[in-house]
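Inside the fold
What follows is each chain in one-letter form.
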Amino acid sequence: MEVGNGVTGAEGMLTNGGIANPYKEFLPRVNRQDDVFVERRRKLHIKEDITEGRKHVNEKLLTRSISSLVVHLRRRKAKMTLRRRSIAGSKESIYVLMVLKKLRDFCTKERPLITELPHPLHSIDAKTTLFVREPKGNVRRGFILRRKRAEQSNITIVTMKTVRQRHTKAYFERLLKESKVFFCDSRIWRALARVFGSQYYKRFAPIPVKLQGKDWAKQCWRASRLSFLTLSRSHTLAMKVANLPLSNSAIEENVIVAANSMATQLFPGRKWRAIKAVYIQSDESTAFPIYHCDKDVLKPLLDKIYKNKTVENATFS
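Residues numbered from 1 in each chain as written. Predicted model: local features only at pLDDT ≥ 70, side-chain atom pairs only at ≥ 80, totals over all residues. Heavy atoms only, no water.

Turning to unusual backbone geometry, a few remarks are in order. Look at N154: it is not a glycine, yet its phi comes out positive at around 65°. Its location among the elements puts N154 in the loop between α4 (140-152) and β4 (155-159). The phi angle at K271 is positive, at roughly 55°, despite the residue not being glycine. Note on placement: K271 falls in the loop between α9 (248-266) and β9 (275-282). (Helix = DSSP H or I, 4+ residues; strand = E, 2+ residues; numbered from the N terminus.)

Attention now goes to the pattern of salt bridges. Close approach of charged atoms allows side chains with opposite charge to pair. Using the criterion set out here, one finds 10 salt bridges in the structure. Close ionic contact of K55 with E52 constitutes a salt bridge, the shortest N to O distance being 3.7 Å. Owing to a relative accessible area of 30%, E52 belongs among the partly exposed residues under this scheme. (Salt bridge = Lys/Arg side-chain N within 4 Å of Asp/Glu carboxyl O. Buried < 20%, exposed > 50% of the residue type's maximum accessible area, 1.4 Å probe, protein only.)

The grouping of K101, K102, R270 and R273 at the surface amounts to a positive patch. Within the secondary structure layout, R270 lies in the loop between α9 and β9. (Patch = residues over 30% accessible without salt bridge, like charges linked within 9 Å, V, L, I, M, F, W, Y side chains within 5 Å. Areas by Shrake-Rupley, 256 points an atom, 1.4 Å probe, with all protein chains shown as cover. Lys, Arg positive; Asp, Glu negative; His and termini not counted. Charge placed at Lys NZ, Arg CZ, Asp CG, Glu CD.)

Our next topic: the pairing of β9. Across the eight residues of β9, six count as buried, placing the element largely inside the fold. Bridging between strand β1 (residues 93-100) and β9 involves seven bridges; their strand directions are antiparallel. By the bridge assignment for β9, L97 is matched with Y279. As paired strands, β9 and strand β10 (residues 288-292) are joined by four bridges and run antiparallel to one another. Pairing of I280 across the sheet is with F288, part of β10. Hairpin remark: β9 followed by β10, antiparallel, with five residues in the connecting loop. (Pairing = 2+ DSSP bridges.)

Where helix α6 (residues 169-178) meets helix α7 (residues 189-204), the closest approach of the two axes is 11 Å, and the angle between their N-to-C directions is 10°. If you check the angle between α6 and α7, you find them roughly parallel. Crossing hand, α6 versus α7: right-handed. Mapping the contact onto sequence places K169, F172, E173, L175 and L176 in α6 and F196, Y200, R203 and F204 in α7. Residues belonging to the contact of α6 with α7 are distributed by class as follows: six nonpolar, no polar and three charged. (Axes fitted to C-alpha atoms, helices over the stretch in contact; angles between N-to-C directions. Parallel < 35°, antiparallel > 145°, perpendicular 65-115°, else oblique. Left-handed = near helix turned anticlockwise from the far one by under 90°. Contact = heavy atoms within 4.5 Å. Nonpolar A, V, L, I, M, F, W, Y, C, P; charged D, E, K, R; others polar.)

Residues M98 and V278 are the most contacted members of the largest nonpolar core, which totals 38 residues. Contributing elements (two or more residues each) for this core: α2 (59-79), β1, β8 (236-243), α9, β9 and β10. Broken down by element, the residue count for this core peaks at nine residues, all from α9. When near neighbours in sequence (up to four residues on either side) are disregarded, V278 contacts V96, L97, M98, A259, W272, F288, P289, I290 and Y291. Listed in part, the 18 residues of the second largest apolar core include V158, V163, Y171 and V195. (Core = buried A, V, L, I, M, F, W, Y, C linked by side-chain atoms within 4.5 Å.)

Given below as structure tokens:
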């Protein structure tokens, strides 16, 4: 009688040799809500997305496209330094455009697809403001403790009551000057949009956060790494993957993870076989291709890159 190899560890039913572990019930169980376990699982998923995405995305075109987009965005930002935040601040993002082979009807799915990026879209190291609803009843003591803990992490807490009482343009402009990134409690974002109005809500662009637990700074940090894909009846779908302050290598990893996550979540069975092409672009720039199902389409661009490199090497030598 052959004995198969069993599974080792606290979660396995069998040990080496296929014999049941009599001490399994006394071993410590894995806490799936533990921060260390969550971070380890997140890094594992991101590593798998990067490994799978590099098999499909053309890295030479991706590196060249990102460098061109970054130079373009920096030049345009230098021209818009004297303009308002609503014009200059919202035009410094990079998006991934995914073109499908067939038109799909995603209108039945109301919730957007969520992707966790390896590098955050919004840096919390800068001055940050969090809009929350005012405490009621016996929760005021816990609210004060949470606010003090968040202020230690350089996060300013502003309640909805304060926003309603100081409903003036001067107060809104002061908030825009003091902070660069804005978060809001997911339970009040609709009310916050009505108070700000369409003009100032677009300028603030607060990121909804589901506040749970005592550490609000950690919740904001996790929300800053999320990107959303809104589903619609269209051949092309777009997802925001980076902002201008990120480095080129960080933007490259975000693009690869976002592209692979979009293909996996949209089509769990076919994945990349259902994708026709993938592009990256900013708000007002040309779309640069980084993947196409027909590889002959990208050959002229690759030949042009090789030709420019040979000319540069010849001139410097």
